[in-house]
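# Structure assessment
Here is what each chain is made of, one letter per residue.
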Number of protein chains: 2
Amino acid sequence: MVRWEPGARERLKAAALELFARQGFDGTTVAEIAAAAGVTERTFFRYFADKREVLFTGQEEFERDFVDGLGDAGEAHPMAMIARALDRAAARFPDERRPWSRARQDVIDVEPSLQERELLKLSALAAALTRALQLRGVDATTAALAAESGVAVFRIAFAAWIADGEQRSLPELQRATLAELRALVDTV
Amino acid sequence: MVRWEPGARERLKAAALELFARQGFDGTTVAEIAAAAGVTERTFFRYFADKREVLFTGQEEFERDFVDGLGDAGEAHPMAMIARALDRAAARFPDERRPWSRARQDVIDVEPSLQERELLKLSALAAALTRALQLRGVDATTAALAAESGVAVFRIAFAAWIADGEQRSLPELQRATLAELRALVDTV
């Protein structure tokens, strides 16, 4: 099934997702995940703080991609910086990752505590983008509006990307969503 | 100090906010709030499920104002409906309420669990507006974009409204923020 023997981290992620899908998030223990991945519990905890974090690993890198993608200060308009950040962040979600992201969402959709965790993650991203734009000389209100709009575009495009049957790439969907936001707001 | 003897509910809200501000949210008990308001704990629980809910009371009415403010199906453009909903919801926050909202925010700002509760409240509002727009015939992506934009405008305008020294009304600030969003997104 796999072309190369994946490392423990990837095996743990795959095993956790399969168990969460089959027996529920609450009904799955770290011991079961470790056993299914063929490692010890101790190894599990070398990679993840708890079973929830298997689904939220990489948040720092995710935020850093967004913030780095803004580019340098004073170089471009705030929304152009946000558009670039969206493109950069989407590189983390190539189409090969779509099945994993879909399975992950199915687990989150039936577990309110995971939905809250996802919401906090995106809220932290908006706060990080707001701060980063302010550091690049954008005033507070504009920075907050640009950051919140960018995160809304990401969230909505990402939901479309993992919808059944969707074929377009995440960057394509993000650009289409940003264009739609522009058309929508333009009519006020 | 007050022109009329307020009811138990208002006395409880005022007493709770004063205690939270003075001795912290965690450091305040329901018994203390009830005593400060001159009522029994039993009376407290007739009005509020717990001390946290004193700060989040009226969420259903708040959401209903927004949704009712959208108006009827097919009558207007989605962002025009959102603009009307913002105006309607702002009626809940006349300038007399600003000191209370400021004091409430000061309590929330130092307590992460209250910040999460506020975030969930606004997320629930965005979901309610998305559903309501879809029920009015707006497609899913446009509904989500319009709802998320509307909530972002509310959140940013509300933060400005309670900032030190701000004199403008909430409806004024919301309209200015919506205009800024339009100008911002227009340049993509």
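Residues numbered from 1 in each chain as written. Chains lettered and ligands numbered in written order. Predicted model: local features only at pLDDT ≥ 70, side-chain atom pairs only at ≥ 80, totals over all residues.

## Quick word on the overall build of chain A
Helix and strand content of chain A: 9 helices and 0 strands. Counting from the amino terminus, helix and strand elements in chain A follow one another as α-α-α-α-α-α-α-α-α. Each principal axis of the C-alpha atoms in chain A carries an extent, and together these give about 55 × 35 × 35 Å. Looking at chain A as a whole, 32% of its 188 residues are labelled buried. When contacts within chain A are restricted to residue pairs at least 6 apart in sequence, those whose partners lie at least 24 apart make up 57%. (Helix = DSSP H or I, 4+ residues; strand = E, 2+ residues; numbered from the N terminus. Buried ≥ 20, exposed ≤ 12 C-beta atoms within 10 Å, placed from the backbone. Contact = placed C-beta atoms within 7 Å.)

## A few points about the interface of chain B and chain A
Listed per partner, the contact involves 29 residues of chain B and 29 residues of chain A. Taken together, the elements giving at least two residues each to the side of chain B that touches chain A come down to α5 (78-90), α7 (112-135), α8 (140-161) and α9 (170-186) of chain B. The leading source of residues in the side of chain B that touches chain A is α8 of chain B, at 10 residues. Each residue belonging to the side of chain B that touches chain A can be placed in one class, and the counts come to 17 nonpolar, 7 polar and 5 charged. (Nonpolar A, V, L, I, M, F, W, Y, C, P; charged D, E, K, R; others polar.)

## Considerations on the confidence of the model for chain A
Predicted confidence across chain A gives a mean pLDDT of 92, with 95% of residues reaching 70 or more. Scored below 50 in pLDDT, residues 1-5 of chain A shows 0 contacts in the model against residues more than four places distant or in partner chains. (pLDDT = per-residue confidence, 0-100.)

## Focus on the relation of the copies chain B and chain A
In the superposition of chain B on chain A (RMSD 0.0 Å, axial shift 0.0 Å), the rotation amounts to 180 degrees. Taken together, the rotation angle and the small translation identify this as a two-fold axis. Interface overlap between copies is the fraction of interface residues in one copy that are interface residues in the other; for chain B against chain A it reaches 100%, indicating a shared surface. (Least-squares fit on C-alpha atoms with pLDDT ≥ 70 in both.)

## Some thoughts on the packing of helix α4 (residues 59-69) of chain A against helix α5 (residues 78-90) of chain A
Residues and elements named next belong to chain A. At a closest axis distance of 7 Å, the pairing of α4 and α5 adopts a crossing angle of 145 degrees. The handedness of the crossing between α4 and α5 comes out as right-handed. Residues Phe62, Asp65, Phe66, Asp68 and Gly69 of α4 form the contact with α5, whose participating residues are Arg84, Ala85, Asp87, Arg88 and Ala89. Among the residues forming the contact of α4 with α5, the class breakdown is 4 nonpolar, 1 polar and 5 charged. (Axes fitted to C-alpha atoms, helices over the stretch in contact; angles between N-to-C directions. Left-handed = near helix turned anticlockwise from the far one by under 90°.)

## Some remarks on α5 of chain B
Along its 13 residues, α5 of chain B runs 18 Å from first to last C-alpha, staying within 8% of the 18 Å computed at 1.5 Å per residue. Among the residues making up α5 of chain B, those that are buried are Pro78, Met79, Met81, Ile82, Ala83, Ala85, Leu86, Ala89 and Ala90 of chain B. Where α5 of chain B is buried, its residues touch α9 (170-185) of chain A together with α4 (59-69), α7, α8 and α9 of chain B. (Expected span 1.5 Å × (residues − 1).)

## Digging into the environment of Gln115 of chain B
Residues and elements named next belong to chain B. With respect to the helices and strands, Gln115 occurs in helix α7. Classification of Gln115 as partly exposed rests on a count of 14 C-beta atoms within 10 Å. Residues Gln115 and Gln105 lie 10 residues apart in sequence; the distance between their C-alpha atoms is 9.3 Å.

## Describing the nonpolar core
Judged by nonpolar contacts, the single largest core of 72 residues is most densely connected at Leu133 of chain A together with Leu133 of chain B. Contributing elements (two or more residues each) for this core: α5, α7 (112-135), α8 (140-161) and α9 of chain A together with α5, α7, α8 and α9 of chain B. (Core = buried A, V, L, I, M, F, W, Y, C linked by C-beta atoms within 7 Å.)

## Details of the packing of α8 of chain A against α9 of chain A
All names here are of chain A. Two elements in contact, α8 and α9, have axes whose closest approach is 9 Å; the angle formed by their N-to-C orientations is 130 degrees. Of the possible angle classes, the one that applies to α8 and α9 is oblique. In the crossing of α8 with α9, the sense of the turn from one axis to the other is right-handed. Along its contact with α8, which presents Ser149, Val153, Phe154, Ile156, Ala157, Phe158, Ala160 and Trp161, the element α9 presents Leu170, Leu173, Gln174, Thr177, Leu178 and Leu181. (Parallel < 35°, antiparallel > 145°, perpendicular 65-115°, else oblique.)

## Looking at the environment of Arg97 of chain A
By the secondary structure assignment, Arg97 of chain A is in the loop between α5 and α6 (98-109). C-alpha of Arg97 of chain A to C-alpha of Leu170 of chain A: the two residues are 73 residues apart in sequence and 11 Å apart in space.

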